[in-house]
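Working through the structure, step by step
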Amino acid sequence: MKFFPLAIGRFTFSLFILGISLFMGSCTCVTCGDDDDGGGMNGGMNTENEAWDDTEVETIERIIALHSTQDELQVFTKSEFLRVEMGTDRVIQIRNFLPQFTALGQPAVNDLIFARGLRDTRDGSDAIEFQLVLNQGEVRRFAIDSLTPSLLAIEDDGAQIGAFNDLGTIYVQPVIQRDERRLGMLIFAIATDQTFFEFADVSFVGLIDFPDVREDARVVSSIRFIDDYFYIATKFGAYRLSESGVLETLIPSPTDIRDIFKYDGKFYATQVSLAPMFTSDTGLAWESSGIVTDLRLVDVFGDQLVSQELEGWQYQLTEDLMSVTEPLRLNDSFGNVGNDQFFGIEKLGSSFYLGFENTLYKTDSLQVAL
């Protein structure tokens, strides 16, 4: 499989980010302050009684995803998209989605573009939709059954609907090939103008077959783009996909892999069961780490690891791969929480953000429950 050259280069992208930073004010690196987060897991409380401050940013529906850039926080519900300014927590844009489409799963987000899985309420068909962050009028939508001779269905049970590469020029979307009853991966090539305000082209490139990954509930758990490759955690092993469409088996079936992440310079793959994680120095050759852990879906913030059993479940926190995680401290005012309320925790500047129900909260440090 071969890709044609794309319009976005790293130099152009860097110039754009610099221009946005100058326009919106000085920016703070997302990872700045990781070594000084107010005293670690139990320090730096926001208030005497509450761990999280209300930003007064509210949505109509429950928040289902957060994404931080160098300058802003992006907030998603099934019907809305909000951009929140760093430092002031001021909403600088609200975008409402078309009501005739039902959102499937959590969106896949890049700094300048996002993708949503949709179901058309008029005929039940599935589609992939791409939107530019800076221009709500730029939308590209693909009915997936029109892309290949195979009948397809969007696989939407993972932590997010799909994944972009770092520059937002390649997108991968897991689907179920209905006739073959196994996993496939759609690949799209994306190009914009130099201002990232208009699409120059969005093209379907091809369908990658996963012959060893059969149709099943929650067959894809997560997809992450790390060090120039897409890492795919499935119920039937772990896989790596290059930007040019080359598929490699990392951990073979029938191992049930929950997530793949990078921590302290090494790759780790968590399992669904209480079993040792797999580890790799390069991302290609894997072996057992010998570390039995309760980590599952993992976000890394400096030395801190935030984990969920499944997307939506309450967050757990640890600072040591060898240690058992502990529940993240929440506000007493949250009341009794369920396992369908937590779909995003992000760091922007020196603050952490959490979407709970339809409200955005922030804190200066992550703490475990008392």
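Here the structure is shown first, and the text comes after it.
Strand pairing in a sheet relies on backbone hydrogen bonds. The paired strands run either parallel or antiparallel. A sheet is described by the order of its strands in space; here four strands give the open sequence β1-β29-β28-β27, paired in antiparallel fashion. Unpaired on one side and paired on the other, β1 (53-58) and β27 (342-348) mark the two borders of the sheet. Taking each pair of neighbouring strands and ignoring which way they run, the sheet shows an average axis angle of 25 degrees. Strand direction decides the pairing type here: strand β28 (residues 351-356) and strand β29 (residues 359-363), joined by five bridges, are antiparallel. For F352, the partnering residue across the bridge sits in β29 and is T363.

This part takes up the pattern of salt bridges. Here the structure, examined in full by the defined rule, presents 21 salt bridges. Between R258 and E309 there is a salt bridge, with the nearest N and O atoms lying 3.6 Å from each other. Here R258 is found in strand β19 (residues 257-263), whereas its partner E309 is found in the loop between β24 (304-308) and β25 (316-318), with 51 residues between them in sequence. The partly exposed category is assigned to E309, whose relative accessible area is 28%.

Once that is clear, we can look at the sheet that holds strand β7 (residues 113-120). In space, the four strands of this open sheet follow the order β6-β7-β8-β9, with antiparallel pairing throughout. Strands with a single pairing partner mark the edges of an open sheet, and in this sheet they are β6 (101-109) and β9 (139-143). With strand direction ignored, the average angle separating the axes of adjacent strands in the sheet is 20 degrees. Sheet analysis places β6 next to β7, joined by six bridges and oriented antiparallel. In the strand pairing of β7, V109 is matched with F114.

Conventions and cut-offs
Residues numbered from 1 in each chain as written. Predicted model: local features only at pLDDT ≥ 70, side-chain atom pairs only at ≥ 80, totals over all residues. Heavy atoms only, no water. Pairing = 2+ DSSP bridges. Helix = DSSP H or I, 4+ residues; strand = E, 2+ residues; numbered from the N terminus. Axes fitted to C-alpha atoms, helices over the stretch in contact; angles between N-to-C directions. Salt bridge = Lys/Arg side-chain N within 4 Å of Asp/Glu carboxyl O. Buried < 20%, exposed > 50% of the residue type's maximum accessible area, 1.4 Å probe, protein only.

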